[in-house]
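Each chain, letter by letter, is given below.
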Amino acid sequence: MENLFETIVNGLYDKGWYIAEDFISDEFRKELLHEQQEILLHGQFRHAGIGKGDAFRIQPEIRSDKVFWLDPLNLTKLQEVYWDKIETLRREINQRCFLGLRSFEAHFSMYPPGSFYLRHLDQFQNVKYRVVTVILYLNDSWSNEDGGALRMYLPSEGGNEEIMDVYPEGGKLVVFMSGEIPHEVLTTNKTRISITGWIRDIEY
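If you're wondering where the values come from, they're calculated on a predicted model, not measured in any experiment.

Draft legend 1. Representation of the packing of aromatic side chains in the model. Per the stated rule, a full pass over the model turns up 5 aromatic pairs. Geometrically, the ring pair formed by Tyr 82 and Phe 104 is edge-to-face, given 6.3 Å between the ring centres and 70 degrees between the ring planes. Taken together, the residues Tyr 82 in helix H3 (residues 77-97) and Phe 104 in strand S4 (residues 103-111) connect sequence positions 22 residues apart. For Phe 104, a relative accessible area of 5% translates into the label buried. For the ring pair Trp 83 and Phe 104, a centre distance of 4.8 Å and an interplane angle of 65 degrees mean the geometry is edge-to-face. Of the two residues, Trp 83 sits in helix H3 while Phe 104 sits in strand S4, which places them 21 residues apart along the sequence. An aromatic cluster is present here, built from Tyr 82, Trp 83 and Phe 104 joined pairwise through their rings. The positively charged end of Lys 15 is found above the aromatic ring belonging to Trp 17, 3.9 Å away from the centroid. In this structure, Arg 96 packs its charged tip against the face of Tyr 13, placed 3.8 Å from the ring centre.

Draft legend 2. Region of the structure containing the packing of helix H1 (residues 4-15) against H3. The interhelical angle for the contact between H1 and H3, taken along N-to-C directions, is 50 degrees, at an axis separation of 9 Å. In terms of orientation, H1 lies oblique with respect to H3. The hand of the H1/H3 crossing is right-handed. In this structure, H1 contributes Phe 5, Glu 6, Ile 8, Val 9, Asn 10, Leu 12, Tyr 13 and Asp 14 to the contact, and H3 contributes Lys 85, Thr 88, Leu 89, Glu 92, Ile 93, Arg 96 and Cys 97. Considering only residue class, the contact of H1 with H3 consists of 8 nonpolar, 2 polar and 5 charged.

Draft legend 3. Broad picture of the sheet that holds strand S7 (residues 150-155). Strand order across the open sheet formed by 4 strands is S5-S10-S7-S8, with antiparallel pairing between neighbours. Strand pairing shows two members of the sheet lacking a second neighbour, strand S5 (117-120) and strand S8 (161-166), which therefore form its edges. Strand-to-strand twist of the sheet, defined as the mean angle between neighbouring strand axes without regard to direction, takes the value 15 degrees. Examined bridge by bridge, S7 and strand S10 (residues 183-185) share 3 bridges and lie antiparallel to one another. The residue of S10 that forms the bridge with Arg 151 is Glu 184.

Draft legend 4. How the structure looks around H3. With 21 residues, H3 extends 30 Å from end C-alpha to end C-alpha; this agrees with the ideal 30 Å at 1.5 Å per step. For H3, the full list of buried residues reads Leu 78, Gln 79, Tyr 82, Trp 83, Ile 86, Leu 89, Arg 90, Glu 92, Ile 93, Asn 94 and Cys 97. Phe 98 sits one or two positions beyond H3 and adopts a positive phi of about 55 degrees.

Each value, and the rule that gives it
Residues numbered from 1 in each chain as written. Predicted model: local features only at pLDDT ≥ 70, side-chain atom pairs only at ≥ 80, totals over all residues. Heavy atoms only, no water. Phe/Tyr/Trp six-rings, centres within 6.5 Å; stacked < 30°, edge-to-face > 60°. Helix = DSSP H or I, 4+ residues; strand = E, 2+ residues; numbered from the N terminus. Buried < 20%, exposed > 50% of the residue type's maximum accessible area, 1.4 Å probe, protein only. Lys NZ or Arg CZ within 6 Å of the ring centre and 35° of its normal. Axes fitted to C-alpha atoms, helices over the stretch in contact; angles between N-to-C directions. Parallel < 35°, antiparallel > 145°, perpendicular 65-115°, else oblique. Left-handed = near helix turned anticlockwise from the far one by under 90°. Contact = heavy atoms within 4.5 Å. Nonpolar A, V, L, I, M, F, W, Y, C, P; charged D, E, K, R; others polar. Pairing = 2+ DSSP bridges. Expected span 1.5 Å × (residues − 1).

What follows is the structure, given as C-alpha cells:
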C-alpha cells in the first residue's frame with residue numbers, strides 16, 4: 001500500500017496536481033497557527049508584492065495578502081518539522097518525476113477579510129526555478145460562505161479549462177505544478193492563513 005507521499009507524487013505525475021485533505025495532525029496545525037499569530041502580533045508580516053528584485057511592486061489591486069518569509073537557516077522547531085515533511089516530498093517527487101528539485105522556500109500567508117489575489121502563475125520570467133507549489137492551510141474552521149477559495153484553472157481536452165474551487169480547510173495540503181496551473185484566491189470574508197511555498201530546482 002502506497003504511503004501519503006507516494007499518493008501525492010502519483011497525483012502530481014498523472015494530472016499535475018493533488019489535494020491531501022489531512023496532511024498534518026490537528027494538534028500540529030494548531031501549533032503552527034499559534035506561531036503564525038505570534039509573528040503577526042509582533043508586526044513582522046509585510047504586504048505581499050508582485051515580481052522579484054528591481055521589478056518588485058506592491059499592487060493591492062492584484063493581490064492584498066500579507067506574508068512572513070521563513071528563513072531556512074533559522075527555522076523554529078515547528079518549522080523544522082514541516083520542512084522535513086516537504087524534504088521527504090521533494091525526494092519522492094525527484095524519484096518519480098525526475099525534476100531535479102533541490103530546495104524549498106515558503107512564507108506564512110495571511111489574507112485579511114476582503115483580500116484576494118487575481119489569476120496568475122507561480123512560475124514566471126524571474127522565478128523559473130519554482131517548479132512545484134505547496135500550500136498548507138492552517139485555518140481553525142472554514143465554510144463555503146467564508147469565501148477565500150483557491151480557484152484552479154485545470155487544463156482539459158481541446159485547450160479548454162476546468163475550474164476547481166478548493167476551500168482552505170485547516171490541515172489540507174494542495175500541491176501543483178507551478179508553471180502549468182493558473183490560479184487565483186477569491187475574495188475572503190474572514191482571515192485566511194496558510195504556509196505557501198515552492199519546491200525549486202536551484203539551491204538556496
